[in-house]
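Structural features, examined
Single-letter residue listing:
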Amino acid sequence: MNDCKWLPAIVECKDFTKWNEYLEEIYKIFKKDFVNTKPIFENKIVNFRRAPMDGKYEHTFTHLTHKDEYHNSDNPNDRIPDPRRAERIGWNRAIIDNYKCNEQCENCDKVLHFEEYYKKNIRVYLLFRNVKFLVILEKRESYNLLITGYYIEYEHTMKKYIKKYEQYKKQKTPLT
């Protein structure tokens, strides 16, 4: 599936009756990647949202391992487990660190980078089309904020992001 030289292996949940134990295992990866150290994107550190906490887990960790199935809750942590997101937890940091990859991998489209306004901020999209994974950051004055990262399940969703990338590339000036 993936011949990328820097993308970590998937950490699969082999027994969903032990989901909480699995969360503990992948939380160690999140902690190593975002709590104990901070990635750098465009010369600014990448922070994440801690609140509202979901039990003992930071909001962003919940966002990277669960999805909002119905978009009908006022609680931002009212999400359901998403094994595809969770098992790829290490991909978020790897994509941030390597989005300008200069490896010469065979049949690799590299990470596509594009930006768009979201409310009053600029959102950065790092789309690794080969593995169907998207990381979203938001530019802030002195840092970048990790919004989410997830596996793209549906072809129409991928087409939507490819279209946004192509439109962004046509722009004469970058967003600031």
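Residues numbered from 1 in each chain as written. Predicted model: local features only at pLDDT ≥ 70, side-chain atom pairs only at ≥ 80, totals over all residues. Heavy atoms only, no water.

With a phi angle near 50°, Glu42 is a residue other than glycine that sits in the positive phi range. Tracing the backbone through its elements, the reader meets Glu42 in the loop between strand S1 (40-41) and strand S2 (44-48). Positioned with a positive phi, Asn43 is a non-glycine residue whose angle comes to about 65°. Here Asn43 lies in the loop between S1 and S2. (Helix = DSSP H or I, 4+ residues; strand = E, 2+ residues; numbered from the N terminus.)

A few words on the pairing of strand S8 (residues 144-151). The side chains of a regular strand alternate between both faces of the sheet. Judged by how many residues are buried, S8 sits mostly within the fold: eight of eight residues are covered. For strand S7 (residues 133-139) and S8, the ladder comprises seven bridges, and the chain directions are antiparallel. The residue of S8 that forms the bridge with Ile136 is Thr148. Hairpin geometry of S7 and S8 is characterised by an intervening segment of four residues between the two adjacent antiparallel strands. (Buried < 20%, exposed > 50% of the residue type's maximum accessible area, 1.4 Å probe, protein only. Pairing = 2+ DSSP bridges.)

Here we come to the nonpolar core. By size, the foremost hydrophobic cluster in this structure holds 37 residues, and its most contacted members are Trp6, Leu7, Ile95, Ile96, Leu126, Leu137 and Leu146. Going through the elements one at a time, helix H1 (19-35), S2, helix H2 (59-65), helix H4 (89-98), strand S6 (121-128), S7 and S8 are the ones with two or more residues in this core. Ile136, Ile152, Met158 and Tyr165 belong to the second largest nonpolar core, which has 17 residues in total. (Core = buried A, V, L, I, M, F, W, Y, C linked by side-chain atoms within 4.5 Å.)

Moving on: the side chain of Arg93. Looking at where Arg93 falls in the secondary structure, it is placed in helix H4. For Arg93, a relative accessible area of 16% gives the class buried. Ignoring anything within four residues of it in the chain, the contact list for Arg93 reads Lys32, Asp33, Phe34, Thr37, Lys38 and Pro39. (Contact = heavy atoms within 4.5 Å.)

Okay, H4 next. Within H4, eight of the ten residues are buried, leaving the element largely enclosed by the surrounding structure. When H4 is considered as a whole, its buried residues turn out to be Ile89, Gly90, Trp91, Asn92, Arg93, Ala94, Ile95 and Ile96.

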